[in-house]
Amino acid sequence: MAFELPPLPYDFAALEPHIDAQTMQIHHGKHHATYVTNLNNALANAPDLQNATIEEILSNINDVPEAIRQAVINNGGGHANHSMFWSILGPNAGGEPTGVLADAITKAFGDFATLKAQVNDAGLKRFGSGWSWLVSDANGSLKVISSANQDSPIQLGLTPLLGVDVWEHAYYLKYQNRRADYLNAWWNVVNWEAVAARFGH
Ligand code: MN3
């Protein structure tokens, strides 16, 4: 069974003015779609991997045949990362998390503002293309990391709770070189209920 591009759960314009409709259209309909196509191409001759979830494949990446491993990291990571990205964003969102997730953030970072600053800082310092993440480890402890290209925290045994795409394709049409402005605006479209659900609460 081939991997498929998940439909965007809201309109392309739903995240305006923070993320513009044209960026969403190209990002979902072209960039993410291409990762899915190239992932399926990479797995064409690996039938035993075609029924696994992308999370299963990435968490056992060393079991993927070496000849296609980098293609699976790039395109499987691209598929997993973007599927997460669309799902944790939404209209009428933003604000701050509540409940168990808020408590875990306070425990790990002291307060929400510090988490935000760390995610933004990791995203700004990621040279070239990549992601900035809030992840939880096997014990449920939270930390901020960044990754290059489409490398996924799942490869490291970590659960991505929230991630912000800092590839230029995610923001260039509206923000050009102003990655910091994009990072600041992006928090206005984070759906904290979806993030909390990924944390298991
Ligand atoms: Mn992207």
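It should be emphasised that the depicted structure is a prediction, and the values quoted were computed from it without experimental measurement.

Distances from the manganese ion to its protein donors, His27 (NE2), His82 (NE2), Asp165 (OD) and His169 (NE2), fall at 1.9 to 2.1 Å. Going along the chain, you hit the donors of the manganese ion in the pattern H-x54-H-x82-D-x3-H. Residue histidine 82 is found in helix H3 (residues 66-87), and its partner histidine 169 is found in the loop between strand E3 (159-165) and helix H6 (172-175); the two are separated by 87 residues along the sequence. On the basis of relative accessible area, histidine 82 is assigned to the buried category, the value being 0%.

Take the side chain of serine 152 next. Along the chain, serine 152 falls in the loop between strand E2 (142-148) and E3. Among the residues examined, serine 152 registers a relative accessible area of 3% and is labelled buried.

Glancing now at the pattern of salt bridges. Enumeration according to the criterion identifies two salt bridges in this entry. With a shortest N-O distance of 3.0 Å, aspartate 121 and lysine 125 are connected by a salt bridge. Linking aspartate 121 with lysine 125, this pair stays in helix H5 (residues 112-125), spanning four residues, or about one helical turn. By relative accessible area, lysine 125 is classed as exposed at 62%. The residue arginine 178 makes a salt bridge to aspartate 181 at a minimum N-O spacing of 3.2 Å. Given a relative accessible area of 35%, arginine 178 falls into the partly exposed group.

Here we come to the domain arrangement of the chain. Per the domain assignment, the segments making up the chain are domain 1 (21-87) and domain 2 (99-199). Computed over C-alpha atoms only, the centres of domain 1 and domain 2 are separated by 20 Å. Buried surface at the junction of domain 1 and domain 2, both sides included, amounts to about 1,600 Å², of which 62% is carbon and sulfur. Three residues, Asn81, Met84 and Phe85, lead the burial of domain 1 against domain 2; their summed loss comes to 34% of the area buried on that side. Remark: the boundary between domain 1 and domain 2 carries zero salt bridges. Between the two partners, domain 1 and domain 2, sit six residue pairs in polar contact (both at pLDDT 80 or more). Listing elements by their share of the side of domain 1 that touches domain 2, those giving two or more residues are helix H1 (21-42), helix H2 (54-59) and H3. It is H3 that provides the largest number of residues to the side of domain 1 that touches domain 2, a total of nine residues. Partitioning the side of domain 1 that touches domain 2 into residue classes produces six nonpolar, eleven polar and one charged.

Take the packing of aromatic side chains next. A full pass over the atoms with the stated rule returns nine aromatic pairs. Judged by centre distance (5.5 Å) and plane angle (75°), the rings of phenylalanine 112 and tryptophan 192 are edge-to-face. One end of the pair, phenylalanine 112, is in helix H5; the other, tryptophan 192, is in helix H8 (residues 192-198), with 80 residues separating them in the sequence. Judged by relative accessible area, which is 13%, phenylalanine 112 ranks as buried. Its relative accessible area of 7% is what places tryptophan 192 among the buried residues. Where tryptophan 186 meets tryptophan 187, the ring centres are 5.1 Å apart and the plane angle is 75°; that geometry is what we call edge-to-face. Residues tryptophan 186 and tryptophan 187 agree in their burial class; the two are buried. Among the aromatic side chains, those forming a connected cluster through ring pairs are Phe85, Trp86, Trp131 and Trp133. Sitting above the plane of the tyrosine 175 ring, lysine 174 keeps its charged end 5.7 Å from the centroid.

So, about the nonpolar core. If you look at the biggest cluster of nonpolar residues, it comprises 45 residues, and the most contacted ones within it are Leu89, Leu101, Leu142, Leu162, Tyr182 and Trp186. Secondary structure elements with two or more residues in this core: H3, helix H4 (99-109), H5, strand E1 (130-136), E2, E3, helix H7 (179-186) and H8. The residues contacting tyrosine 182, other than those within four sequence positions of it, are Phe85, Val164, Asp165, Ala170, Tyr171 and Tyr175. Within the second largest apolar cluster, 18 residues are counted, among which are Ile54, Ile61, Ile68 and Ile154.

The rules behind the values
- Residues numbered from 1 in each chain as written.
- Predicted model: local features only at pLDDT ≥ 70, side-chain atom pairs only at ≥ 80, totals over all residues.
- Heavy atoms only, no water.
- Donors = N, O, S within 2.8 Å, 3.2 Å for Na, K, Ca; no water.
- Helix = DSSP H or I, 4+ residues; strand = E, 2+ residues; numbered from the N terminus.
- Buried < 20%, exposed > 50% of the residue type's maximum accessible area, 1.4 Å probe, protein only.
- Salt bridge = Lys/Arg side-chain N within 4 Å of Asp/Glu carboxyl O.
- Domains from an automatic or database assignment.
- Buried area = accessible area lost by both parts, 1.4 Å probe.
- Polar contact = N/O pair within 3.5 Å; in protein donor to acceptor, adjacent residues only side chain to side chain.
- Nonpolar A, V, L, I, M, F, W, Y, C, P; charged D, E, K, R; others polar.
- Phe/Tyr/Trp six-rings, centres within 6.5 Å; stacked < 30°, edge-to-face > 60°.
- Lys NZ or Arg CZ within 6 Å of the ring centre and 35° of its normal.
- Core = buried A, V, L, I, M, F, W, Y, C linked by side-chain atoms within 4.5 Å.
- Contact = heavy atoms within 4.5 Å.

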